[in-house]
Amino acid sequence: QVQLVESGGGLVQAGGSLRLACAASGGDSGSRTMGWFRQAPGKQRELVATISDNFSTNYAESVKGRFTISRDNAKNTVYLQMNSLKPEDTALYYCAASRFLTTTPGAFNYWGQGTQVTVSS
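About the cut-offs
- Residues numbered from 1 in each chain as written.
- Predicted model: local features only at pLDDT ≥ 70, side-chain atom pairs only at ≥ 80, totals over all residues.
- Heavy atoms only, no water.
- Helix = DSSP H or I, 4+ residues; strand = E, 2+ residues; numbered from the N terminus.
- Buried < 20%, exposed > 50% of the residue type's maximum accessible area, 1.4 Å probe, protein only.
- Phe/Tyr/Trp six-rings, centres within 6.5 Å; stacked < 30°, edge-to-face > 60°.
- Lys NZ or Arg CZ within 6 Å of the ring centre and 35° of its normal.
- Pairing = 2+ DSSP bridges.
- Axes fitted to C-alpha atoms, helices over the stretch in contact; angles between N-to-C directions.

(A) Main features of the side chain of Ser52. Note that Ser52 resides in strand β5 (residues 46–52). Here Ser52 falls in the buried class, since its relative accessible area comes to 6%.

Next up, the structure:
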């Protein structure tokens, strides 16, 4: 089993920045694809960004140019740098890992507990 622990969430004003981190441990913690998802109240969980083990990235249109996903394979950690935050970015952000090279949410096998990001206007 892979355990994922997120950190870095918080309250920030619109236009500000936050950096989320997700540390993976246990099992095959060197997952092929790592991703960040988010879920706002009353909405479905949505993909934010993914990064493969060869550092190929994929972003939701709503965050392109503002968010950057990265990973440190030596530390089994994935990051999400969020800049120019907007109130609509407010959500619970989840880290996820997949054994597969994928961008499909259903293919992610392991999930963290989530970290809250709140952007005030």
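(B) Up close: the packing of aromatic side chains. Summed over the entire model, instances satisfying the criterion amount to three aromatic pairs. Judged by centre distance (5.1 Å) and plane angle (80 degrees), the ring pair of Phe37 and Phe108 falls under edge-to-face. Within this pair, whereas Phe37 is found in strand β4 (residues 33–39), its partner Phe108 is found in the loop between β9 (91–98) and β10 (110–111), the two being separated by 71 residues in sequence. Look at Phe108 and you get buried, because its relative accessible area is 5%. Linked through ring pairs, Phe37, Phe108 and Trp111 together constitute an aromatic cluster. For the cation-ring pair, Arg19 lies above Tyr79, with the distance from its terminal atom to the ring centre recorded as 4.0 Å. The ring of Tyr94 has Arg45 lying over it, and the distance from NZ or CZ to the ring centre is 3.9 Å.

(C) Structural detail: the sheet that holds strand β8 (residues 77–82). Strand order in the open sheet formed by four strands is β1-β3-β8-β7, and the pairing between neighbours is antiparallel. A single partner strand is all that each edge strand has here, and the edge strands are β1 (3–7) and β7 (67–72). Direction aside, neighbouring strands of the sheet carry axes that sit 15 degrees apart on average. Of the strand pairs in this sheet, strand β3 (residues 18–25) and β8 are connected by six bridges, and their pairing is antiparallel. Within β8, the residue paired with Cys22 across the bridge is Val78.

(D) Local environment of the environment of Lys43. Here Lys43 lies in the loop between β4 and β5. Considered as a pair, Lys43 and Phe55 are twelve residues apart in the sequence and their alpha carbons are 29 Å apart.

By themselves, these are just geometric observations and shouldn't be taken as functional.
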